[in-house]
Structure formats: structure tokens, C-alpha cells
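# Residue-level structural notes
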Amino acid sequence: MWSDENKERISKAIDVGRTIVHYGWIPFIIYVGYTRSNPQPSLIKLISPLA
Amino acid sequence: MAAALNEKGTAVPPTLVTPPSPSSSASSSILSTVASPFTSLATRFGNWKAGFNLPNPGSVENLQREVKQTHLTNFIFDGARADLTKGLSVDPAFQVTHSFSFGAQSAPSSYHFSAVYANANLLLQGGVGDDGNLNGRLNRQWSSNNLTKVQASLTSSAQAQNMIILEHDYTGSDYSINFKAMNPSPINGTGIYIGNALQSVTKNLALGLETLYQKPTPDMDEFTTSYLLKYTGDRKDWIATAQLQPAGILQATYWQKLSDKVEVAADLQLIAAPQRREAITTLGAKYDFRMATFRAQVDSTGKVSALLEQKYGPSFAFLFAGEIDHLKNAAKVGVGVMIESSSLTPEEMGYPPQGYPPQA
């Protein structure tokens with residue numbers, strides 16, 4: 001179905017995508033939540049467990 | 001599962017389980033002319049079925065939900081733990097949680113951070129542990145009938161433990177369909193694919209099928225189909241379910257709401273394969289008090305366990321868990337604390353301004 005070259009490209013793309021999701025997912029949620037929250041919270045309250 | 005896919009993108013009325021016609025992709029006029037007997041038949045079948053006015057049986061995933069909510073198997077823990085939840089916004093919901101756990105017999109001390117964002121039709125959830133493992137979840141509600149879920153669990157070490165689950169739910173008027181793909185590979189098609197459907201047959205009884213297609217390597221595959229049954233009492237105060245797998249595994253559950261505050265549940269798991277024969281029964285009860293929830297459970301392997309969740313005010317709860325395994329002579333004890341704080345004033349959180357107890 002796929003040529004060997006394309007197979008390699010696809011698996012490479014999956015690897016890159018997985019790395020992006022792995023490191024980017026939590027920051028992405030925090031960004032979405034931070035920008036759309038109502039009212040907008042302060043950043044220190046967002047990150048620190050004690051504040 | 002083919003039905004689920006057909007349902008999504010066609011003009012076939014949504015009250016159909018199995019559109020028998022090839023009209024699914026009919027968009028050109030010739031095709032629609034050829035298909036019209038089938039579509040009209042399908043419409044008539046749909047109307048005939050809608051005439052029975054059957055209720056939606058719930059999804060296959062939630063078949064045993066009431067039992068799982070009553071039993072404490074999913075809630076018990078050992079060692080000490082603390083969950084600090086911070087609500088940052090109510091609409092849309094946005095909260096972050098810091099969880100600490102230590103002293104457990106089975107796992108080392110750990111820290112876990114998670115964040116949830118949710119509005120009416122989108123849910124984003126993510127959690128990361130101190131070991132670098134990530135759990136993520138995305139649910140998108142396309143319409144009142146269609147829900148797509150993506151789940152991922154990514155590890156920083158071995159590649160083999162990564163897991164991606166793609167799921168689509170279709171909820172009809174009197175049936176539910178779900179299609180799931182676990183670790184699907186676009187290169188050689190390996191992975192696990194599950195399709196299931198649950199259809200109301202009478203007001204109380206729902207029957208279903210679940211088919212699992214496993215393809216661990218490109219030249220090896222396997223089909224397994226299991227059968228599902230759900231019977232709901234007239235007043236919805238009791239539910240009995242059964243799931244039969246061809247390998248000789250039967251799981252039967254029974255749940256009953258005895259009063260507003262008391263629920264009981266029983267679960268029987270029977271394995272009658274040629275090489276292995278065993279059965280496990282679990283009995284559990286859940287009591288909901290005004291400021292506390294108590295769960296107790298006993299099973300046929302000799303385990304007795306209990307879990308108490310005591311709330312002190314709206315934002316502070318203590319958890320006590322205990323389990324004694326009489327056959328293995330082992331015991332587990334857990335103590336936990338859950339603190340919910342908020343950066344919002346009570347009015348902003350939607351509480352009425354009066355009658356809100358002062359926070360300690």
C-alpha cells in the first residue's frame with residue numbers, strides 16, 4: 001500500500017506529533033483556560049499549589 | 001461499526017440501526033433514484049420503530065456504571081494522599097489539581113498535576129506525573145447525538161506503552177452505537193478496533209453486541225463478539241446487566257437503589273474456560289449522608305474493604321480507606337485529604353450570597 005519511503009515519513013511524522021502532544025498538551029490547556037476564563041485568574045494562582 | 005459510520009454522513013433518518021441500503025453515499029440524482037425504494041423503506045422502518053417510543057438504553061461503556069459508582073474498587077487507595085484542587089473559572093469550567101501521594105505499598109511517592117477545561121461542547125483534560133507520563137483527553141460534542149473522544153497516554157521512556165484511543169459515540173432515540181480504535185496504525189492497519197451497539201427492545205430490556213477486532217501484527221487478526229443484556233426496572237430503581245464473551249466469561253451485575261441514601265450492588269464474574277475455572281462475587285453498599293459518603297464491600301476472595309469520605313464544609317474533605325485480605329493475611333490503610341480552593345468569590349461561583357458557610 002505504502003512505499004517504504006512513505007512509511008518512514010509517516011512514522012517520523014507520528015513520532016514528531018507525539019512529542020509535540022507530550023510536551024505541549026498541558027501548556028495548551030492552561031493557555032486555553034487562562035485566556036477564556038471569566039474572570040481571568042492571575043498566573044501565580046494558576047501554577048502554585050499554595051497561593 | 002459500519003452502521004455507526006454510515007449514520008454519520010448520510011441522509012438516512014437517524015432512527016435506524018442498520019441501514020440495509022447502499023444509499024449511504026447517495027448524492028447524485030441517479031444514485032438517489034436507484035436508492036429511493038431503499039431509503040423510503042428505511043424511513044418507513046424508522047417511523048415504525050419510532051412508534052414504539054422506546055427509551056435510550058445508555059451506552060455500552062456505561063452498562064455497569066451504577067455498579068461501579070456503588071462499589072469502592074475504583075475509589076480505594078492506600079498510603080497518604082492530598083489533592084489540592086483550584087477552581088479558576090466556573091463557566092467555562094477551568095480548574096487545576098495538584099495531587100501528592102506517598103507511603104503506598106504498591107507505588108512510590110508521586111506528584112501529579114492535572115488541568116481541566118470544559119465548556120458546553122468541548123472538554124480538554126490533561127495530567128502529568130513526576131515521571132513525565134502524560135494522560136490527555138479531548139471530548140468534542142458535535143451535536144446532541146454525536147460525540148468524539150480522543151484519549152492518549154504517553155510515556156517518556158519505552159515506546160511500547162504509549163496508547164492512543166480514538167472513539168466516536170452515536171446516541172439514537174432508542175439505541176447507542178460506539179466505535180473505538182486503540183493504537184491504530186496508518187501504516188499497516190495494526191491495532192485494536194471495537195464496535196458496539198445497544199438497542200432497546202422493550203421499555204425495560206436492551207440487548208447489545210460488542211465486536212472486538214484485534215490485529216497485533218499485519219498478518220494476524222482475530223474477531224471476538226460478546227453479547228450484552230441490560231434490564232432496567234420500571235421505576236429505574238434497579239438494573240441488571242449481563243455480558244457474555246465467547247471464551248466462556250460471563251459478567252453479571254445487579255444494582256438497586258433501596259432509598260434516597262442507600263444503594264447496593266452485586267457483581268458476579270464467571271470464567272469457565274477449559275484451562276481455567278473460577279468465579280468472583282463482589283457485594284457492596286453505598287450510603288450517602290449529608291456531609292459524608294460511606295462505601296463498604298466484601299468479595300468472595302476474602303477481601304473486606306470500606307471507604308469513608310467526610311466533608312467539612314464545601315471545600316474540605318477527609319478520606320479514610322481500609323482493606324483486609326483475609327486469605328492473604330494482608331491489609332491496606334489509606335488516609336487522604338481533598339482541599340478545594342477557589343480564586344472566585346461565592347457570588348461568582350454561582351452560590352447564593354447568603355447561607356454560604358464561612359471558610360475555616
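Thresholds, definitions, all that
- Residues numbered from 1 in each chain as written.
- Chains lettered and ligands numbered in written order.
- Predicted model: local features only at pLDDT ≥ 70, side-chain atom pairs only at ≥ 80, totals over all residues.
- Heavy atoms only, no water.
- UniProt positions renumbered as here; feature names shortened; annotations may be inferred.
- Helix = DSSP H or I, 4+ residues; strand = E, 2+ residues; numbered from the N terminus.
- 1 Å grid on protein atoms, 1.4 Å probe; cavity = no way out; pocket = protein on both sides within 12 Å on 5 of 7 lines; lining within 4 Å.
- Points joined across faces, edges and corners; volume = space filled by probe spheres on them.
- Nonpolar A, V, L, I, M, F, W, Y, C, P; charged D, E, K, R; others polar.
- Pairing = 2+ DSSP bridges.
- Salt bridge = Lys/Arg side-chain N within 4 Å of Asp/Glu carboxyl O.
- Buried < 20%, exposed > 50% of the residue type's maximum accessible area, 1.4 Å probe, protein only.

- As recorded by an unreviewed UniProt entry, chain B carries the name Translocase of outer membrane 40 kDa subunit and is attributed to Tulasnella calospora MUT 4182.
- On record in UniProt, under Function (unreviewed entry), the comment for chain B is "Channel-forming protein essential for import of protein precursors into mitochondria."

- As named in an unreviewed UniProt entry, chain A is Tom7-domain-containing protein, taken from Tulasnella calospora MUT 4182.
- Under the heading Subcellular location (unreviewed entry), UniProt records this for chain A: "Mitochondrion outer membrane".

## Regarding unusual backbone geometry
All names here are of chain B.
- Cis geometry is found at the peptide bond from Asp91 to Pro92, where omega equals 5°.
- Structurally, Pro92 can be placed in the loop between strand 1 (79–89) and strand 2 (93–102).
- Positive phi, close to 50°, is recorded for Asn183, a residue that is not glycine.
- Within the element layout of this structure, Asn183 appears in the loop between strand 8 (175–182) and strand 9 (191–200).

## Notes on the layout of surface pockets
- Approximately 740 Å³ is the volume found for the largest pocket.
- Around the largest pocket, the lining comprises 28 residues; the ones closest to its centre are A:Ile14, A:Arg18, B:Ile164, B:Asn183 and B:Pro184.
- Mapped by element, the contributors of at least two residues to the lining of the largest pocket are helix 1 (4–36) of chain A together with strand 5 (134–141), strand 6 (146–154) and strand 7 (163–171) of chain B.
- The element that contributes the greatest number of residues to the lining of the largest pocket is helix 1 of chain A, accounting for seven residues.
- Its residues placed into classes, the lining of the largest pocket shows 14 nonpolar, eleven polar and three charged.

## Quick notes on the pairing of strand 15 (residues 276–288) of chain B
All names here are of chain B.
- Inspection of the sheet shows strand 14 (residues 262–273) paired to strand 15 by twelve bridges, in the antiparallel sense. What sits directly across from Ile271, in strand 15, is Glu278.
- Once strand 14 ends, the chain turns through two residues before running back antiparallel as strand 15.
- Direction of pairing for strand 15 relative to strand 16 (residues 292–299): antiparallel, over a ladder of seven bridges. Bridge pairing in strand 16 places Lys286 opposite Arg295.

## Regarding empty space enclosed by the protein
Residue and element names in this part refer to chain B.
- Taken as a whole, this structure holds one cavity of 30 Å³ or more when the rule is applied.
- Reported here for the largest cavity is a volume of approximately 30 Å³.
- Contributing to the lining of the largest cavity are Ser59, Val60, Glu61, Asp169, Ser176, Ile177, Asn178 and Asn196.
- Of the residues forming the lining of the largest cavity, the biggest block, three residues, is contributed by strand 8.
- Among the residues forming the lining of the largest cavity, the class breakdown is two nonpolar, four polar and two charged.

## A closer look at the pattern of salt bridges
- All chains considered together, the criterion is met by twelve salt bridges over all chains.
- Salt-bridge contacts for A:Arg18 lead to A:Asp15; the nearest nitrogen and oxygen are separated by 2.6 Å. Note that A:Arg18 and A:Asp15 are positioned in helix 1 at a spacing of three residues, about one turn of the helix.
- Relative accessible area serves as the criterion here: at 34%, A:Asp15 is assigned to the partly exposed category.
- Two residues, B:Asp169 and B:Lys149, come together in a salt bridge whose shortest N-O distance is 3.2 Å. Within this pair, whereas B:Asp169 is found in strand 7, its partner B:Lys149 is found in strand 6, the two being separated by 20 residues in sequence.
- You can call B:Asp169 buried: its relative accessible area is 9%.
- Residue classification places B:Lys149 among the buried residues on the basis of a relative accessible area of 9%.
- Sharing partners across several salt bridges, the network here consists of B:Glu61, B:Lys149, B:Glu167 and B:Asp169.

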